[in-house]
Amino acid sequence: MKSDTNPTRRSFLRAGLAGGAAIAGGAGGAFAAGDPLITEIQDWNRYLGEGVDARPYGSPSQFEAHVVRKNVPWLTSDAVSSVNFTPLHELDGIVTPSGLCFERHHGGIAEIDPAQHRLMINGMVEKALVFTMADLKRFPRENKLYFLECAANSGMEWRGAQLNGCQYTHGMIHCVMYTGVPLRTILEEAGVKPEGKWLLAEGADASAMTRSIPLEKAMEDCMVAFGMNGEALRPEQGYPIRLVVPGWEGNMWVKWLRRLEIGDEPWHQREETSKYTDLLPNGKARRFTYVMDVKSVITNPSPQAPITHGKGPLVISGLAWSGNGRIKRVDVTTDGGRNWHTARIDGPALPKALHRFYYEFDWDGSELFLQSRAIDEDGFVQPTKDELRSVRGSNSIYHNNGIQTWYVNKDGGIENVEIF
Ligand code: MTE
Ligand code: CO
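The shown structure was predicted, so the numbers you read here are calculated from the model rather than taken from an experiment.

Rules used throughout
- Residues numbered from 1 in each chain as written.
- Chains lettered and ligands numbered in written order.
- Predicted model: local features only at pLDDT ≥ 70, side-chain atom pairs only at ≥ 80, totals over all residues.
- Heavy atoms only, no water.
- 1 Å grid on protein atoms, 1.4 Å probe; cavity = no way out; pocket = protein on both sides within 12 Å on 5 of 7 lines; lining within 4 Å.
- Points joined across faces, edges and corners; volume = space filled by probe spheres on them.
- Nonpolar A, V, L, I, M, F, W, Y, C, P; charged D, E, K, R; others polar.
- Near = heavy atom within 4 Å.
- Polar contact = N/O pair within 3.5 Å; in protein donor to acceptor, adjacent residues only side chain to side chain.
- Areas by Shrake-Rupley, 256 points an atom, 1.4 Å probe, with all protein chains shown as cover.
- Sits in = over half its atoms within 2 Å of the grid points.
- Disulfide = S-S within 2.5 Å.
- Buried < 20%, exposed > 50% of the residue type's maximum accessible area, 1.4 Å probe, protein only.
- Phe/Tyr/Trp six-rings, centres within 6.5 Å; stacked < 30°, edge-to-face > 60°.
- Helix = DSSP H or I, 4+ residues; strand = E, 2+ residues; numbered from the N terminus.
- Patch = residues over 30% accessible without salt bridge, like charges linked within 9 Å, V, L, I, M, F, W, Y side chains within 5 Å.
- Salt bridge = Lys/Arg side-chain N within 4 Å of Asp/Glu carboxyl O.
- Contact = heavy atoms within 4.5 Å.
- Pairing = 2+ DSSP bridges.

### Overview of empty space enclosed by the protein
On inspection of all chains with the given rule, the structure shows 4 cavities of 30 Å³ or more. In this structure, the largest cavity occupies an estimated 230 Å³ of space. When grouped by side-chain class, the residues that make up the lining of the largest cavity number 8 nonpolar, 7 polar and 5 charged.

### A short note on the site of ligand 1
As a matter of local geometry, ligand 1 sits amid 22 residues, with Phe102, His106, Asp205, Arg242 and Lys255 nearest to it. The backbone of histidine 106 places a nitrogen or oxygen atom 2.8 Å from an oxygen atom of ligand 1. With respect to ligand 1, the side chain of histidine 174 contributes an N or O atom lying 2.9 Å from an oxygen atom. Bound to the protein, ligand 1 loses 100% of the 530 Å² it would expose on its own. Mapping ligand 1 onto the cavity grids shows that it belongs to the largest cavity. In terms of residue class, the shell around ligand 1 is built from 8 nonpolar, 8 polar and 6 charged.

### Things to note about the state of the cysteines
Tallying each qualifying case throughout the model produces 0 disulfides. Left unpaired, cysteine 101 is separated from the closest cysteine sulfur, that of cysteine 175, by 9.0 Å. The exposure class assigned to cysteine 101 is buried, which follows from its relative accessible area of 0%.

### Regarding the packing of aromatic side chains
In total, this model carries 10 aromatic pairs according to the counting rule given. With a centroid separation of 5.7 Å and an interplanar angle of 75°, the aromatic rings of phenylalanine 131 and phenylalanine 139 are classed as edge-to-face. For the pair formed by phenylalanine 131 and phenylalanine 139, the shared burial category is buried. Centre to centre, the rings of tryptophan 198 and phenylalanine 288 are 5.8 Å apart; their planes meet at 50°, and the pair counts as tilted. One end of the pair, tryptophan 198, is in strand S7 (residues 198–203); the other, phenylalanine 288, is in the loop between strand S14 (285–286) and strand S15 (295–300), and 90 residues separate them in sequence. What makes tryptophan 198 buried here is its relative accessible area of 17%. What makes phenylalanine 288 partly exposed here is its relative accessible area of 27%.

### Here we look at a nonpolar patch on the surface
A surface patch of nonpolar side chains, amounting to about 430 Å² of accessible area, comprises Leu37, Ile38 and Trp44. Residue position: leucine 37 is located in helix H2 (residues 36–39). Of the residues examined, leucine 37 reaches a relative accessible area of 59% and is grouped as exposed.

### Some remarks on the environment of alanine 305
On the secondary structure map, alanine 305 appears in the loop between S15 and strand S16 (312–321). Taking the C-alpha atoms as reference points, alanine 305 and valine 417, separated by 112 residues in sequence, lie 15 Å from one another. The contact partners of alanine 305, leaving out residues within four places of it in the chain, are His89, Asn300 and Ile414.

### Side note on the side chain of asparagine 416
Its place among the elements puts asparagine 416 in strand S23 (residues 414–417). On the accessibility criterion, asparagine 416 (8% relative accessible area) is buried. Of the polar contacts made by the side chain of asparagine 416, one reaches the side chain of glutamate 157; its length is 2.8 Å. Those residues in contact with asparagine 416 that lie beyond four places of it in its chain are Glu157, Ala161, Gln162, Leu163, Asn164, Thr169, Pro303, Gln404, Thr405 and Trp406.

### Considerations on the pairing of strand S20 (residues 355–363)
Taken across its 9 residues, S20 has 7 buried, putting it largely inside the fold. For S16 and S20, the ladder comprises 9 bridges, and the chain directions are antiparallel. Bridge pairing links alanine 320 to histidine 355 in S20. Sheet topology note: the strand S19 (residues 344–346)/S20 ladder contains 3 bridges and is antiparallel. Within S20, the position partnered with arginine 344 by the bridge is tyrosine 358.

Structure, rendered in structure tokens:
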């Protein structure tokens, strides 16, 4: 039977046409008569595709080739001690794909053969121990989703709007599922002496990154992770093992972890004295500012992802997080803070992980000042940049959790601005 003589199919087509006309001018989906993409057979339909083993380790579609980490070349003088940024405006949900996690290295990527890698624990312990990777994998393990935010995320924005895109203003963050051994288990194996109060974590890379961590935190929820999103850690993220320090500044998450030392006081390393401290207006510096405070950003639309569909239904989407735990609420404004609307959090709301929020509304084509404001379960409210500066001054680089503003013009073009 020819399909056009089939009454059921014909009435369906008619209904489809009417349906298309009804939503034209709405969220899209208007019927275009004679569209060859519908009436012609396309190549991907006509010819067989590649077979199963053509891509033994899969990668994204060729049409997604623009979705990559990017750096800002003028920020640093050399790529071995530099940073690139997660393309937040291209992502959805809460998990960052492994290949898109921003990278921050102080001495390049260490390429370590796991068979040659050792984790040593020494200092104020009952017995100093050295673990191989095989040893580590014999301890009970856990799986946890956490965000990692560099303390310098949004650092370029302290003195005013600077970089045009959430990839650059907020992209020093990622959120992946870690598999590993609770740090507590390893510390208990070595037996921490009663005078032991601090832990030094040291990396095996050329920068030998070292940070002091209070023992309380080490025992609470830190992990020695060997897995990331279900597979081995990527070299960029510290293969074969990294320290996971949930909710605390990214610098403490030592990659290529090779040594843990127990002591009775902090070591005052470079990364906790001249770096990762916040110089206040009175000349004193805030130190040991570990927790990454409650923060959020609208990822779409944003400068790298303008509105191209004109007025009508618009999905505003973004990310919120807090080093204290879960996000309780996210508010969105389209008029620079005069009116706030509660956004919808969708997907898992896990402590110290990214939360995805949406606010859907009907854009009338007028100018917008988009902002989001997150509130965490401890009641902390994300401050405006002005509120932050009134307390901390403008010398700071680190720990900027101020509210971000995107200005949307009538054509849907978007810019990073600040409202005073
Ligand atoms: N660990 C080592 N060994 N070497 C480093 O350069 N950089 C730190 C931290 N751990 C670093 C390190 C900084 S500043 C950050 S923000 C995070 O790793 C970045 O982790 P990522 O590269 O997985 O994004
Ligand atoms: Co960092």
